[in-house]
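Examining the three-dimensional arrangement
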Number of protein chains: 4
Amino acid sequence: MNTFGHILRLTTAGESHGPAITAILDGFPAGVAIDLDAIQAAMDTRRPGQGGATSARREADRVQLLSGVFEGRSTGAPITIQIVNTDARPADYEPLRNVFRPSHADFTYQAKYGIRDHRGGGRASARETALRVAAGAIARLALDKMGVQVYAYTSRIGSVALDLPLEAIDLQHVYDYPTRCPHPDTAARMDAVIQRVRQAGDTVGGIVSGAIVGLPAGVGEPVYGKFHALLAAAMMSINAAKGFEIGMGFEGACRLGSEMNDPFTLDADGRITTLTNHSGGVQGGITTGRAVTFRVAFKPVATLTRDYPAITADGTPITIPARGRHDACVIPRAVPVVQAMATLTTLDALLTARLFPA
Amino acid sequence: MNTFGHILRLTTAGESHGPAITAILDGFPAGVAIDLDAIQAAMDTRRPGQGGATSARREADRVQLLSGVFEGRSTGAPITIQIVNTDARPADYEPLRNVFRPSHADFTYQAKYGIRDHRGGGRASARETALRVAAGAIARLALDKMGVQVYAYTSRIGSVALDLPLEAIDLQHVYDYPTRCPHPDTAARMDAVIQRVRQAGDTVGGIVSGAIVGLPAGVGEPVYGKFHALLAAAMMSINAAKGFEIGMGFEGACRLGSEMNDPFTLDADGRITTLTNHSGGVQGGITTGRAVTFRVAFKPVATLTRDYPAITADGTPITIPARGRHDACVIPRAVPVVQAMATLTTLDALLTARLFPA
Amino acid sequence: MNTFGHILRLTTAGESHGPAITAILDGFPAGVAIDLDAIQAAMDTRRPGQGGATSARREADRVQLLSGVFEGRSTGAPITIQIVNTDARPADYEPLRNVFRPSHADFTYQAKYGIRDHRGGGRASARETALRVAAGAIARLALDKMGVQVYAYTSRIGSVALDLPLEAIDLQHVYDYPTRCPHPDTAARMDAVIQRVRQAGDTVGGIVSGAIVGLPAGVGEPVYGKFHALLAAAMMSINAAKGFEIGMGFEGACRLGSEMNDPFTLDADGRITTLTNHSGGVQGGITTGRAVTFRVAFKPVATLTRDYPAITADGTPITIPARGRHDACVIPRAVPVVQAMATLTTLDALLTARLFPA
Amino acid sequence: MNTFGHILRLTTAGESHGPAITAILDGFPAGVAIDLDAIQAAMDTRRPGQGGATSARREADRVQLLSGVFEGRSTGAPITIQIVNTDARPADYEPLRNVFRPSHADFTYQAKYGIRDHRGGGRASARETALRVAAGAIARLALDKMGVQVYAYTSRIGSVALDLPLEAIDLQHVYDYPTRCPHPDTAARMDAVIQRVRQAGDTVGGIVSGAIVGLPAGVGEPVYGKFHALLAAAMMSINAAKGFEIGMGFEGACRLGSEMNDPFTLDADGRITTLTNHSGGVQGGITTGRAVTFRVAFKPVATLTRDYPAITADGTPITIPARGRHDACVIPRAVPVVQAMATLTTLDALLTARLFPA
């Protein structure tokens, strides 16, 4: 259950404050040029300590590929991805050894396993997502060959929302903005929300939107392997994700069929396409050839930077004192993770559909 | 990809207007008493032709179990579930042989396979969900032994919403209401919406809410097998589902951490529990012991009962004339399917966690 | 665990004396012409009651395909295969209800499940293999498109062995011989062994050889998905199979490297091939382009037709009286099952390697 | 396809002469004491350079566990196993860059992937099995808690065989013998064979026998998950394995049913058991409670230490000159790998059957 995917399979391991985190990416096609700089650049989009929005933990997050690449190209053998935890501070967590923090996984892991690595959330830490970003960057190198692009961006923080059609979003410059919202005015208002929340020692949630552009029609599997079902599972596996919707999603659920149907038309080349894309690029779980658009809701980070109540394993209420090293808003750092998971899902679906060139 | 689940695995097959639909439920525990009447009663909750809300196709939907049951108890061998299609009318669909209806799977199946059974949607038809309901009813017999209950009910149709806390919902009487909304006033208003939409030859979407009650803490797997990730995939595999959220979901994404955290407390027996349940019963993907609460958004049915535009395979626009035999609102019939998929997901998770008694 | 395969997946269900046996074949490519007569002809090669060698149970074994085929071609949707048990005689087995027969699965199923369908072996009966033969015949229709042929034949019964090089075996006429040994003299001697054993109320084991011809180089997956590892699992899943070897197998294990290496050479078209084929067509788990040759050992049938000792569930020794309706030698009936499992393994491996044309 | 197992899943990666080899062992139960010395001791049984029998490559093979263990106990999180390749000599292999050695995987990997890491066999090297031995040693720590022991030993090298009943084999001292044959006289004769073959610059194959003792009845899954089918796949995934048999295997295939049946009896405690164990501890794929006994045939190593012919990628015949650093007989080093794979298969089967204590 630490493996994601069907043909392209990512298995991850490692704890937040252990010696290293490690992934094995299996099923990746042979012969793809592996650009280490591109992978490292993707890692940097996720790094904490950027702008005012994110936590102060500083990891170089240098990715090493220990197998599956030979003279710059993938060999078809499994690719080992490893990131050494250089900034691990396990001793910091000693006071939390027998403490269950609210809305963390401390209690549930203890209930499940009867033992847990309490240091920094252990296996439940978002540190694990660094491996997803690295794997997603590798998958992107394969998608590039097919002309498929996968984007993600911040579309809401607290009450500030970006509500523009996909065509009006500057998808190429997401990472120029510390909030990952590629719209200057909205980004500024989001920044203000984060600063205000941070000063209050609080945290705030938000929404990440995604778009997969350039996919041919016919990707995705009926019935239980619907493209958006796999995408939903991918997104909901990200720490703090609480909701997923495709196309018009929850809003469309309140509308009429005559409004929501996507009428067919012919494109400039005379091929069948749809006039609108309310469905978000899938019908019956299979892609239509239009952009796949989706949104993922993230709850606010549970670790506050002001004092907050917790409980010990034996049921004694305690107070966790204010500490500084945590995100006030996880959304900017979730953006590359959403992008990575969508990239992995897409390449896996193409491989499953045997649409990736051999 | 026509299989759902990990230990408990449901594989389904069959087309809407073929001779029969068939499922094999594998991994079901041995020794469970199989109550055929209870299974048939579950089927009846999904049957079309109930109240004014649903389509006029009338299938007896008599479930036959062809294997895996011996003298009234499960044997651990795979259970074959079969439903003969007694009301199939394949000839009705001859005019649609080369037609792509908007927001149906006609076009995408053709794109994927280069061939399709056009009759009534073939494999993409919601007819397949009858098997899910039957399998869910079988799974329920096992969950009953553990004191776990799974509920679903209509919480929104068009703009009419039921917005009460779980404790205030009459979960035991959902199926007494044709709308599957167990609140008389709200149900009446939903009925009115459906009638109005039906008279307009249109359709309307809505939301189904679910609750899994009685689960112990510790169910669900990190990292990619989070309980709510599997539940999301289960729900998004249902026809017309477009969104999934757990706990406070999208609404919680706009809130502060100090509001959304669920503080710990002790229950009457001195065991650790949470004061609130904003998380919807999971932390880090593992159950907390509180009710798992979730919501699923469904788009309006794409098949209108008034004339609507479509396109032929060679790109010629046509009009599909008004026909009568279709749902104006799919939500009431989606309720037992949501319940069934949540039941299957829950039993599978218990088996995976080795929490089901051997 | 009632599912075989990775991309092409066969799930079977049903008991020997239940109403029907049913399989769902998922992942089969779309657009393949489905020749029902060819499938039925394959079934007939497995039918009991042929010649003197096999049991007297007579089933028409009429295969019905209930889904996944539309107007004579596969649609890519799962194919339901069903065979009604017309000759079931459950009452015959009443005396065996609480009896464990030696070297049957009675005791082990009871130990595992605490309940079992005792009638004719229930789920453990070789009746299940009828579905494999039907599914294999469908898979063969796809392999035919790629010029790949899969053969099986009897190479040993008791002490009588056929020990000729593959080139000298008349693979096209296997089913003309009741023993499935396509060599008149050897077949006659095998027949004599079977008659002698039958008259003694005893049973006898043997070996089935297989050959997969026409596979390109490059099929099979490292490391745990080696072609011959998957083939071994396929073969060892057949009732009564006790051994598997590929190429020179056990005999080659006693030889020198200088004898067993297969030197390279060029074929008539200047392509690299091997001079010998001691490896049986695989190196490192991946096909070389030479014939894949293998052998499967089957123990003698455990059900004797003379009196034999058994034990009741409470530990009382009893004698099972002589009965007539059982095979003296299972090998002839195992031949089409070996062929079917090799066919399914091969098509699955081609699909996994993305070598099957989309 | 680089993953082994169902609930307990071992994924391996890494090439023979890359920086490191890495495995992730997922699904391992929480709370098991992890004895690093025991794991390292198991590694040492596989190390090359022992006695005269094995190759001269010298790796410390120091195992590092980078995750999943906390304060000496397993946490239920995936365990990362890593071994740094300290004795890698990639430059040694430069002359083989475009060469296909006979009966190696050079040609087939090139055919499959169009690219390969030629250094020391790359991914196809037996170096990968070091990870299996480490993982097997970890799995053994869990089996110890259930009183299950897994043994392997050399039973044949060339024409010298050890042919004693299991009871007469000194299973506790296998690793005291460089040949891994725990019978002094036979071991001495095997040693002589290896020396003779080595001096001739040749190699020789053999057979490894295994025994799983202490398993309860009821382990293994019908129909495609038979215990011995999974064991066969496990064994055939080992480099150079060419045959597998369980119980009387190929020899039993030539015998009569009246000879091969295992009559039931009662043990000292009045429980049902069998008088003989011709079946090798399984019936219908499920364990009987008797020892599971099996044998694995290995071909002679293909890398000779005298000159031998090969071919270049463009079809030119060449001669590979004599080199020293290779095994004359792989059997002694295969013993711990067979033991490890049997251990992993057994723990996985116990977990699948939910027989491992939670």
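Up top is the structure.
Before going into details, it helps to say that this report is about the structure given with it.

Thresholds applied
Residues numbered from 1 in each chain as written. Chains lettered and ligands numbered in written order. Predicted model: local features only at pLDDT ≥ 70, side-chain atom pairs only at ≥ 80, totals over all residues. Heavy atoms only, no water. Contact = heavy atoms within 4.5 Å. Buried area = accessible area lost by both parts, 1.4 Å probe. Salt bridge = Lys/Arg side-chain N within 4 Å of Asp/Glu carboxyl O. Polar contact = N/O pair within 3.5 Å; in protein donor to acceptor, adjacent residues only side chain to side chain. Nonpolar A, V, L, I, M, F, W, Y, C, P; charged D, E, K, R; others polar. Pairing = 2+ DSSP bridges. Helix = DSSP H or I, 4+ residues; strand = E, 2+ residues; numbered from the N terminus. Disulfide = S-S within 2.5 Å. Axes fitted to C-alpha atoms, helices over the stretch in contact; angles between N-to-C directions. Parallel < 35°, antiparallel > 145°, perpendicular 65-115°, else oblique. Left-handed = near helix turned anticlockwise from the far one by under 90°. Least-squares fit on C-alpha atoms with pLDDT ≥ 70 in both. Phe/Tyr/Trp six-rings, centres within 6.5 Å; stacked < 30°, edge-to-face > 60°. Buried < 20%, exposed > 50% of the residue type's maximum accessible area, 1.4 Å probe, protein only. Lys NZ or Arg CZ within 6 Å of the ring centre and 35° of its normal.

**A few points about the interface of chain B and chain A**
In this complex, chain B contributes 95 residues to the contact, which on the side of chain A involves 95 residues. Of the roughly 7200 Å² buried between chain B and chain A, counting both surfaces, carbon and sulfur atoms make up 66%. Applying the counting rule to chain B against chain A returns two salt bridges. Of the charged contacts in the structure, one is a salt bridge between K112(B) and E221(A), with a shortest N-O distance of 2.8 Å. The interface formed by chain B and chain A includes 47 residue pairs in polar contact (both at pLDDT 80 or more). Of the residues assigned to the side of chain B that touches chain A, the class counts are 47 nonpolar, 32 polar and 16 charged. Relative to strand β12 (residues 241-246) of chain B, strand β12 (residues 241-246) of chain A runs antiparallel, the two being bridged by three bridges. Bridging across to β12(B), F244(A) finds its partner in F244(B).

**What to know about the interface of chain C and chain A**
Where the parts come together, the accessible area they lose is often given as the size of the interface. With five residues of chain C in contact, the opposing surface of chain A contributes five residues. When the two sides are added together, the surface that chain C and chain A hide from each other amounts to roughly 560 Å², 57% of it contributed by carbon and sulfur. At the junction of chain C with chain A, the criterion picks out zero salt bridges. Between chain C and chain A we count zero residue pairs in polar contact (both at pLDDT 80 or more) in total.

**Some details on the sheet that holds strand β10 (residues 160-161) of chain B**
Adjacent strands of a sheet pair through backbone hydrogen bonds, lying either parallel or antiparallel. Strand order in the open sheet formed by ten strands is β10(A)-β9(A)-β11(A)-β17(A)-β12(A)-β12(B)-β17(B)-β11(B)-β9(B)-β10(B), and the pairing between neighbours is antiparallel. Strands with a single pairing partner mark the edges of an open sheet, and in this sheet they are β10 (160-161) of chain A together with β10 of chain B. As judged from the five bridges shared by β12(A) and strand β17 (residues 292-298) of chain A, these two strands associate in the antiparallel manner. By the bridge assignment, F244(A) is partnered in β17(A) with V296(A).

**Here we look at the state of the cysteines**
Here, the word disulfide means a covalent bond between the sulfur atoms of two cysteines. This structure, assessed with the given rule, holds zero disulfides over all chains. Left without a disulfide partner, C181(B) is nearest to the cysteine sulfur of C329(B), which lies 11 Å away.

**Examining the packing of helix α1 (residues 36-46) of chain A against helix α3 (residues 129-144) of chain A**
Residues and elements named next belong to chain A. Axis separation between α1 and α3 bottoms out at 9 Å; the angle between their running directions is 140°. Here α1 is positioned oblique relative to α3, judged by the angle of their axes. Of the two elements, α1 crosses α3, and the hand of that crossing is right-handed. From α1, A38, I39, A42, M43 and R46 reach across to α3, where they touch T129, A130, V133, A134, A137, I138 and L141. When the residues that make up the contact of α1 with α3 are grouped by side-chain class, the tally is ten nonpolar, one polar and one charged.

**Here's the deal with the sheet that holds strand β11 (residues 206-213) of chain D**
What the ten strands build is an open sheet, ordered β10(C)-β9(C)-β11(C)-β17(C)-β12(C)-β12(D)-β17(D)-β11(D)-β9(D)-β10(D); its pairing is antiparallel. The sheet terminates laterally at β10 (160-161) of chain C together with β10 (160-161) of chain D, the two strands that pair on one side only. With two bridges connecting them, strand β9 (residues 149-157) of chain C and β10(C) associate as antiparallel partners. Counterpart to R156(C) in the pairing with β10(C) is A161(C). Running at roughly 160° to strand β12 (residues 241-246) of chain D, helix α5 (residues 227-236) of chain D makes contact with β12 (241-246) of chain C together with β11, β12 and β17 (292-298) of chain D of the sheet.

**Notes on the relation of the copies chain C and chain A**
Mapping chain C onto chain A leaves a residual RMSD of 0.0 Å; the transformation is a rotation of 180° accompanied by 0.0 Å of translation along its axis. As the rotation angle and translation indicate, the two copies are arranged about a two-fold axis. The position closest to the rotation axis in chain C is occupied by the C-alpha of R354(C), lying 3.1 Å away. Counting the interface residues of chain C, we find that 100% of their copies in chain A are interface residues as well, pointing to one common contact surface.

**Some points on the packing of aromatic side chains**
This structure, assessed with the given rule, holds 26 aromatic pairs over all chains. Ring centres of Y109(D) and Y113(D) lie 5.8 Å apart, and the angle between their planes is 55°; on these two criteria the pair is classed as tilted. You can see Y109(D) and its partner Y113(D) sitting in helix α2 (residues 106-113), four residues apart, about one turn around the helix. Among the residues examined, Y113(D) registers a relative accessible area of 19% and is labelled buried. Three or more aromatic residues link up through ring pairs in this structure, and these residues are F100(A), F107(A) and F264(B). Positioned above the aromatic ring of Y113(C), the side-chain terminus of K112(C) is 5.5 Å from the ring centre.

**What to know about the relation of the copies chain B and chain A**
When chain B is fitted to chain A, the best match, at an RMSD of 0.0 Å, comes from turning it 180° and sliding it 0.0 Å along the axis. Here 99% of the contact residues of chain B are again contact residues in chain A; the copies associate through an equivalent surface.

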